[in-house]
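Architecture at a glance
The residues making up each chain are set out below.
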Amino acid sequence: MASNRSLTMRWGILGTGWVSTNFVKDLVLSNPSSPIQHLITALGTSSEAKGSEFVHSIFTSHQPRPTIYTDYKSVYADPNVDIVYIGTPHVFHKESCLAAIAAGKHVLCEKPMAINEREVREMITAAAKKGVFLMEAVWTRFFPLVLALQRLLHKEKAIGDISRMFCDFGLDFISLPATHRLKDLKLGGGALLDLGVYPLMFSSIVLDEHVGLEASNPEVTSSLFVIDGVDHDDVIVLKYPENGRMGILTASMRGKTGEDFLRIEGSAGTIVVSGPAASVPKSIKIMVKDQEEKVLNFEHEGMGFYFEADAVAGDILAGRKENDIMPLEESVRIIKIMDEIRKVGGVIYSQDQI
């Protein structure tokens, strides 16, 4: 596939935090199996020092380095940028996304795409009017493991008819100061938007084989443990009346989940998905009645952000404006569920009051 590496996607990166760092690290990996050559051509950051530290920590001496800008407008205006990756805190997603779209750039925006449904719909409308690609960066959906899990459940019926699932994503953030963005209501803090989005993602692919407009809308029951307006623990129960399936989802900022974070039960057996966290699944254990247990391991280089990057680049180069695995209406569907959960739990952001 070396001859296909002439297909190039030029990225402008917003932000130098954890997610932007790991996204860029993955894209600059030498990956000869990928048909796409990803070039990081621009970096938007708050200071030259931050930008230089980011670049020096990731790029080797022989790799082309991005132009560092201390304002985001210059990233949008850079003619060497095809697509903008938004890795900033949630509350800034809408503003950055709309500005990039207005400049005619394609956009891959970190999850959650925005704070609430109204903001997400505004971003989708803007992208449609401008004729550019837009996708929420739900990177785990593109993992080979997740695609294999969907096939096992819905095509091969490996455990028969699915009845229920349990998924948990917890991390120990107790020691973080109250000023950290995860605990700051003004920055969209809380377990739901940062961690709960992953169990919701798994419920979407496990309990319903369809996405977006074709997917069913579950009945939602939830309870949140809220401190200073921010949810620290979430319990969510989803009921799908149309297919008789239920999901119990939990997220927490007060304790780390064990390796086995997802259990799916069916009429013929059980599947357990394991990994360091719900965001980075590594193995699928299949336990079918009267059969030998089977374990499927999925190892890959880096974190795995390049799976979604390759998919996005492929769509853009083919002239598509959204992705089939993560269509825009799926982003709307999930944010609507999260809006409902927050409303019931009493977590209100300033963006909800506009």
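These lines cover the structure that appears in this document, whether it is placed above or below. Values in this document were obtained by computation on a predicted structure and should not be read as measured data.

Focus: the environment of Gly304
Mapping Gly304 onto the fold places it in the loop between strand S14 (294-297) and helix H8 (305-317). Judged by relative accessible area, Gly304 falls into the buried class, the value being 0%. Residues Gly304 and Arg10, 294 residues apart in the sequence, show an inter-C-alpha distance of 19 Å. Contacts of Gly304, omitting those with residues within four sequence positions, involve Asp26, Trp139 and Phe143.

Looking at the sheet that holds S14
Pairing in this open sheet of 8 strands is mixed, and the strands run S8-S9-S10-S7-S11-S12-S13-S14 from one edge to the other. Two strands close off the open sheet at either side, each with one partner strand: strand S8 (219-227) and S14. Between one strand and the next, the sheet's axes are offset by a mean angle of 10°, whatever the strand orientation.

Thoughts on the side chain of Glu308
Position of Glu308 among the secondary structure elements: in helix H8. Lys111 is the oppositely charged side chain nearest to the buried, salt-bridge-free Glu308, at an N-O distance of 7.1 Å. A distance of 3.4 Å separates a polar atom in the side chain of Glu308 from the backbone nitrogen of Trp139. Filtering out sequence-adjacent residues up to four positions away, Glu308 remains in contact with Phe23, Leu108, Glu110, Met135, Ala137, Val138, Trp139 and Phe142.

Side note on H8
Its 13 residues place the ends of H8 19 Å apart at the C-alpha level, agreeing with the 18 Å of an ideal helix rising 1.5 Å per residue. Residues Phe305, Tyr306, Glu308, Ala309, Asp310, Val312, Ala313, Asp315 and Ile316 constitute the buried set of H8. Looking at the buried residues of H8, the elements they touch are strand S1 (7-14), helix H1 (18-27), strand S2 (36-44), strand S4 (83-86), strand S5 (106-110) and strand S6 (134-137).

So, the pairing of strand S9 (residues 230-240)
Side chains on a regular strand alternate between the two faces of the sheet. The element S9 is extensively covered by neighbouring structure, given that 8 of its 11 residues are classed as buried. Here S8 pairs with S9 via 9 bridges, running antiparallel. What sits directly across from Val226, in S9, is Asp231. Taking the residues that link successive antiparallel strands as the turn, the S8-S9 hairpin has 2 residues, and the phi of Asp228 there is positive, at about 55°. One ladder, built from 8 bridges, connects S9 with strand S10 (residues 245-252); its direction is antiparallel. Paired with Tyr240 across the strands is Arg245, a residue of S10. Hairpin connection, S9 to S10: the antiparallel pair is bridged by 4 residues, and Gly244 has positive phi, about 75°.

A word on the side chain of Lys111
Structurally, the position occupied by Lys111 is in the loop between S5 and helix H5 (117-130). For Lys111, the side chain forms a polar contact with the side chain of Glu110, separated by 2.8 Å. Of note is the side chain of Lys111, whose polar atom sits 3.1 Å from the side chain of Tyr198. Those residues in contact with Lys111 that sit more than four places away from it in its chain are His90, His93, Glu136, Ala137, Val138, Trp139, Val197 and Tyr198.

Describing the nonpolar core
In this structure, Trp11, Phe23, Leu149, Phe202 and Ile264 are the most contacted members of the largest nonpolar core, which totals 111 residues. When residues of this core are assigned to their parent elements, the largest contribution, 12 residues, is made by helix H7 (residues 191-207).

Describing the packing of H7 against helix H9 (residues 328-345)
The geometry of a pair of packed helices is captured by two quantities: the angle between their axes and the separation between those axes. The contact between H7 and H9 brings their axes to 11 Å, and the two run at 125°. As judged from the angle between their axes, H7 and H9 are oblique. Once H7 is placed against H9, the crossing between them reads as right-handed. Facing Leu192, Leu193, Val197, Leu200 and Ser204 of H7, the residues of H9 in contact are Glu330, Arg333, Ile334, Ile337, Met338, Ile341 and Arg342. Residue classes in the contact of H7 with H9 are distributed as 8 nonpolar, 1 polar and 3 charged.

Reading the values: rules and limits
Per chain, the residues get numbers from 1 upward, laid out in the order the sequence is written. Totals for whole chains, interfaces and linings use all residues, but because this is a predicted model, local features are given only for residues with pLDDT of at least 70 and pairs of side-chain atoms are given and counted only at 80 or more. Excluding hydrogens and water, the side-chain figures rest on all heavy atoms present in the structure. Each helix is a run of H or I in the DSSP string that is no shorter than four residues. Each strand is a run of E no shorter than two, and both are numbered from the N terminus. Relative accessibility thresholds used throughout: buried, under 20% of the residue-type maximum; exposed, over 50%; partly exposed, between the two (1.4 Å probe, protein chains only). Every residue pair with non-hydrogen atoms within 4.5 Å of one another is taken to be in contact. For two strands to count as paired, DSSP must find a minimum of two bridges between them. All axes are obtained by fitting lines to C-alpha atoms, using only the stretch in contact for helices, and the reported angles, taken between N-to-C directions, cover 0 to 180 degrees. Positive charges come from Lys and Arg alone, negative charges from Asp and Glu alone, with His and the N- and C-terminal ends not counted. By salt bridge we mean one thing: a side-chain nitrogen of Lys or Arg within 4 Å of a carboxyl oxygen of Asp or Glu. Polar contacts, as used here, are pairs of N or O atoms within 3.5 Å; protein pairs need one atom able to donate a hydrogen and one able to accept it. Residues neighboring in sequence count only if both atoms are side-chain atoms. Multiplying one less than the number of residues by 1.5 Å gives the expected span of a helix. As used in this record, nonpolar core signifies buried Ala, Val, Leu, Ile, Met, Phe, Trp, Tyr and Cys residues forming a set joined through side-chain atoms within 4.5 Å. When describing relative orientation, an angle under 35 degrees is termed roughly parallel and one over 145 degrees roughly antiparallel, while 65 to 115 degrees is termed roughly perpendicular and anything else oblique. For any pair of crossing helices, the crossing counts as left-handed if the nearer helix is rotated counterclockwise from the farther one by less than a right angle, and right-handed if it is rotated clockwise. Side-chain classes follow a simple rule in which Ala, Val, Leu, Ile, Met, Phe, Trp, Tyr, Cys and Pro form the nonpolar group, Asp, Glu, Lys and Arg form the charged group, and the remainder, Gly included, forms the polar group.

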